[in-house]
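# Reading the structure
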Amino acid sequence: QSALTQPPSASGSPGQSVTISCTGTNSDVGAYDYVSWYQQHPGKAPKLMIYEVNKRPSGVPDRFSGSKFGNTASLTVSGLQTEDEADYYCSSYAGTSVVFGGGTKLSVL
Amino acid sequence: EVQLVESGGGLVQPGGSLRLSCAASGFTLSGYAMHWVRQAPGKGLVWVSRINSGGTTTNYADSVKGRFTISRDVAENMLYLQMNSLRAEDTAVYYCVRGRGAAWYYDFWGQGTLVTVSS
């Protein structure tokens, strides 16, 4: 149950695009198309942004997209807005557990 | 409207016990798997435990196996986490979350309850 690997930080200017990576193993990210992404603002509970690699829940802007290749999943935020500044966590189903990434702090400069 | 409201957190000494509760509304627990996820201060999210929609299967992270027990009361629509033999490293905000599908993703989160293990 080792954590997935995310870069600790990412940044971009308003209107730009940024991609956050999430690397796992053949036992989690690589084994299932069951990667999710969560957004967390300071002092708030996380919010689901992407599930099953590339599906968006109702209400999540289409500026948010997900993909996966092998053991690495990615979250892309296009047309960055100031309200996108937050921590982002990936997670993956791993058989009989869930493993999260360490989180990436996205700064919108 | 789906709501999850946790309670029961607080300060406890190492080796002590605590029971967290989560009141669910807007849906019935019998239709969904439920999980607990925790977050140590300033740290990332960590999965703790799951109970399936039928209440017949439970799963635990290795770090809490044998010490924590997840359960539910369908009649009261309540989810619980009994935590025994608590350690300093269990200090965290504990979130009650609703699980979805085979992917075990979380569409609704509670506001969290803080557990502090310290002497």
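Starting afresh in each chain, residues are numbered from 1 along the sequence in its written order. To read the labels, note that chains go from A and ligands from 1, taken in the order they are written. In keeping with the predicted nature of the model, local features appear solely for residues at pLDDT of at least 70, side-chain atom pairs appear and are counted solely at 80 or more, and the whole-chain, interface and lining totals rest on all residues. Values reported for side chains reflect all heavy atoms of the structure, with hydrogen atoms and water molecules removed beforehand.

On to the overall build of chain B, then. Across its full length, chain B holds zero helices and eleven strands. Helices and strands appear in chain B in the N-to-C order β-β-β-β-β-β-β-β-β-β-β. Each principal axis of the C-alpha atoms in chain B carries an extent, and together these give about 40 × 25 × 25 Å. Only protein chains enter the calculation, and the probe is 1.4 Å; a residue is then buried if its accessible area is under 20% of its type maximum, exposed if over 50%, and partly exposed in between. Residues counted as buried form 51% of the 119 residues belonging to chain B. Positive charges are assigned to Lys and Arg, negative charges to Asp and Glu, while His and the chain termini are left out of the count. Lysine's charge is taken at NZ, arginine's at CZ, aspartate's at CG and glutamate's at CD. Across chain B, the centroid of the 10 positively charged side chains sits 6 Å from that of the 8 negatively charged ones. In this text, helices come from DSSP runs of H or I with a minimum length of four residues, and strands from runs of E with a minimum of two, each type numbered from the N-terminal end.

This brings us to the pairing of strand β4 (residues 47-50) of chain A. Residues and elements named next belong to chain A. Note: two strands are recorded as paired if DSSP finds a minimum of 2 bridges between them. In terms of strand pairing, strand β3 (residues 35-40) meets β4 through three bridges, oriented antiparallel. Among the inter-strand pairings, Y38 is bridged to a residue of β4, identified as L48. Hairpin connection of β3 to β4: six residues between the antiparallel strands, including G43 at a positive phi of 75°.

Let's shift gears to the state of the cysteines. Our working definition of a disulfide is a cysteine sulfur pair at a distance within 2.5 Å. Taken as a whole, this structure holds two disulfides over all chains when the rule is applied. The disulfide partner of C22 of chain A is C90 of chain A, and the S-S distance across this bridge is 2.1 Å. Judged by the torsion about the S-S bond (80°), the C22 of chain A/C90 of chain A disulfide is right-handed. Residue C22 of chain A is located in strand β2 (residues 18-23), and its partner C90 of chain A is located in strand β7 (residues 86-93); the two are separated by 68 residues in the primary sequence. Using a relative accessible area of 0% as the deciding quantity, one classes C22 of chain A as buried. You can call C90 of chain A buried: its relative accessible area is 0%. Put simply, C22 of chain B and C96 of chain B are joined by a disulfide, and their sulfur atoms are 2.1 Å apart. Looking along the S-S bond of the C22 of chain B-C96 of chain B disulfide, the torsion reads about -70°, which is the left-handed sense. In this pair, C22 of chain B sits in strand β3 (residues 18-25) while C96 of chain B sits in strand β9 (residues 92-100), placing the two residues 74 residues apart along the sequence. This pair shows no difference in class: C22 of chain B is buried, exactly as C96 of chain B is.

Our focus in this paragraph is the sheet that holds strand β6 (residues 72-77) of chain A. Residue and element names in this part refer to chain A. The strand order across the open sheet built from three strands is β2-β6-β5, with neighbouring strands paired in antiparallel fashion. Taken across any chain shown, the strands that pair with only one partner, and hence form the sheet edges, are β2 and β5 (64-69). Taking each pair of neighbouring strands and ignoring which way they run, the sheet shows an average axis angle of 20°. For β2 and β6, the ladder comprises six bridges, and the chain directions are antiparallel. When the sheet's bridge partners are listed, S21 is paired in β6 with S74. Inter-axis angles, ranging from 0 to 180 degrees, are taken between N-to-C directions of lines fitted to C-alpha atoms, where helices are fitted over the stretch in contact.

Shape is all these values report; function is a separate question.
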